[in-house]
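Structure assessment
For reference, the chains in residue letters:
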Amino acid sequence: MQRKAIVIGATGLVGQHLVKQLSELYDTLIVIARRPPRYINASMRFYQLNDFDNLSEVFASVGADRTTDAYSCLGTTKKQAGSDEAFRKIDHDYNVNFAKLCRDKGVENFFLLSSMNADIDSRFLYNRVKAETEQSITALGFGQLVIFRPSLLLGKHKGRPLESIGQKAFKLISPLVSESLSLHPISAKRVASAMAMSAHDIYHRRKYRTEPQIEHTEIIENKKMLAMTRVKK
């Protein structure tokens, strides 16, 4: 069976690493984004989308089906979005719409990049919206939904000065901080690796499964991602 994947958020901090890793796992990699990802190879099909409000129009021609795994690394900040409403539209509405389109095409496996602080009762908009997005996508009934909740992401954040300051501070104390701590920052590349590893594991388990697939949601917290991607010395 030909393996196929579809990705949104491919030009972000995690997404740019993810597309490179997924290109080695899948026969066809479909990328929908406003601009081409940095990494492109022969297996990749790029669909340019200037406005995610028009996602359904582009999606109709991408050929997603039950053999397709879907990934979303799409996200922003209130500062980048410009307002609470714009932030929620990107982080919640666009993600949920993408997931619905995938589900309507029969996609069974969905991999969502969220945040360690996702909390429906949080007083912070960012955390609440992340939790709402998780809940909305869970309700769609994917056979396998895997949610990734990283801590502070290490990498170059364009337009995110507070996270850049946090990274610089962490570099000073990192030799003293154990990766066993749940709040330990994690590189974007390692998050992408955890997402790709999870999909690869599901694929191999599915190959040998004889019973019908039962809806299952798995949340992979930061600590587990660190353990999954730790390089043995």
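Our subject is the structure that appears above.
From a predicted model like this one, the values you see are computed outputs, not experimental measurements. (Residues numbered from 1 in each chain as written. Predicted model: local features only at pLDDT ≥ 70, side-chain atom pairs only at ≥ 80, totals over all residues. Heavy atoms only, no water.)

1. Looking at the sheet that holds strand β4 (residues 68-72)
- Spatially, β3-β2-β1-β4-β5-β6-β9 is the arrangement adopted by the seven strands of the open sheet, whose pairing is parallel. Sheet topology places β3 (44-48) and β9 (216-221) at the edges, where each strand pairs with a single neighbour. Between one strand axis and the next, the sheet turns by 15 degrees as a mean value, whatever way the strands run.
- Direction of pairing for strand β5 (residues 109-113) relative to strand β6 (residues 144-149): parallel, over a ladder of five bridges. In the strand pairing of β6, F111 is matched with V146.
- Against the sheet, helix α1 (residues 15-22) makes contact with β1 (4-8), β2 (28-33), β3 and β4, and its axis sits at roughly 160 degrees relative to β2, the strand it touches most. (Pairing = 2+ DSSP bridges. Helix = DSSP H or I, 4+ residues; strand = E, 2+ residues; numbered from the N terminus. Axes fitted to C-alpha atoms, helices over the stretch in contact; angles between N-to-C directions. Contact = heavy atoms within 4.5 Å.)

2. Section: the side chain of K130
- By the element assignment, K130 lies in helix α5 (residues 125-138).
- When neighbours within four sequence positions are excluded, K130 is seen to be in contact with D91, S114, S115 and A118.

3. Section: the packing of helix α4 (residues 84-104) against α5
- Running from N to C, α4 and α5 point in directions that differ by 15 degrees, and their axes come no closer than 9 Å. Of the possible angle classes, the one that applies to α4 and α5 is roughly parallel. Two packed elements cross with a definite hand, and for α4 against α5 that hand is right-handed. Each of D84, F87, R88, D91, H92, N95, V96 and A99 in α4 lies in contact with α5, whose residues at this interface are L125, Y126, V129, K130, E132, T133, S136 and I137. (Parallel < 35°, antiparallel > 145°, perpendicular 65-115°, else oblique. Left-handed = near helix turned anticlockwise from the far one by under 90°.)

4. Here's the deal with the packing of aromatic side chains
- Within this structure, the stated rule accounts for seven aromatic pairs.
- Plain terms: the ring middles of Y71 and F111 are 4.7 Å apart, the flat faces sit at 15 degrees to each other, and that makes the pair stacked. Within this pair, whereas Y71 is found in strand β4, its partner F111 is found in strand β5, the two being separated by 40 residues in sequence.
- Using a relative accessible area of 0% as the deciding quantity, one classes Y71 as buried.
- Seen from their ring centres, F87 and Y126 are 5.7 Å apart, and the 25 degrees between their planes marks the pair as stacked. Taken together, the residues span a long stretch of sequence, with F87 in helix α4 and Y126 in helix α5 at a distance of 39 residues.
- Residue class for Y126 comes out partly exposed when judged on its relative accessible area of 29%.
- Joined through ring pairs, the aromatic side chains of F59, F98, F110 and F142 make up one cluster.
- A cation over a ring is seen here: R3 above Y203, with NZ or CZ 3.8 Å from the ring centre. (Phe/Tyr/Trp six-rings, centres within 6.5 Å; stacked < 30°, edge-to-face > 60°. Buried < 20%, exposed > 50% of the residue type's maximum accessible area, 1.4 Å probe, protein only. Lys NZ or Arg CZ within 6 Å of the ring centre and 35° of its normal.)

5. Brief notes about the nonpolar core
- Membership of the largest hydrophobic core comes to 32 residues, with the highest contact counts inside it found for V14, Y71, F148 and M195.
- The set of elements that each furnish at least two residues to this core consists of β1, α1, β2, β5, β6, α7 (188-207) and α8 (222-228).
- Among the elements that take part in this core, α7 stands out by supplying eight residues, more than any other.
- Beyond its immediate stretch of four places on either side in the chain, M195 contacts V14, L18, Y71, S72, C73, F111, L113 and F148.
- Grouped together as the second largest cluster of nonpolar side chains are 27 residues, I6, Y47, V96 and L101 included. (Core = buried A, V, L, I, M, F, W, Y, C linked by side-chain atoms within 4.5 Å.)

6. A look at the pairing of β6
- The buried count for β6 comes to six of six residues, which makes it a mostly enclosed element.
- In β6, alternate side chains face the same way, and those of Q144, V146 and F148 on one face and L145, I147 and R149 on the other are all buried.
- In this region the chain leaves β5, passes through α5 and returns to the parallel neighbour β6; the handedness of that crossover is right-handed.
- As paired strands, β6 and β9 are joined by six bridges and run parallel to one another. Bridge pairing in β9 places L145 opposite T217. (Right-handed = clockwise from strand over helix to strand, strands pointing away.)

7. What to know about the pattern of salt bridges
- Scanning the entire structure with this criterion turns up 11 salt bridges.
- Note that D84 is salt-bridged to K78, the shortest N-O span being 3.0 Å.
- Assessed through its relative accessible area of 32%, D84 is described here as partly exposed.
- Across the salt bridge formed by K224 and E218, the nearest N and O atoms sit 3.1 Å from each other.
- Using a relative accessible area of 41% as the deciding quantity, one classes K224 as partly exposed.
- Assessed through its relative accessible area of 21%, E218 is described here as partly exposed.
- Where salt bridges share partners, they join R88, D93 and E132 into one cluster. (Salt bridge = Lys/Arg side-chain N within 4 Å of Asp/Glu carboxyl O.)

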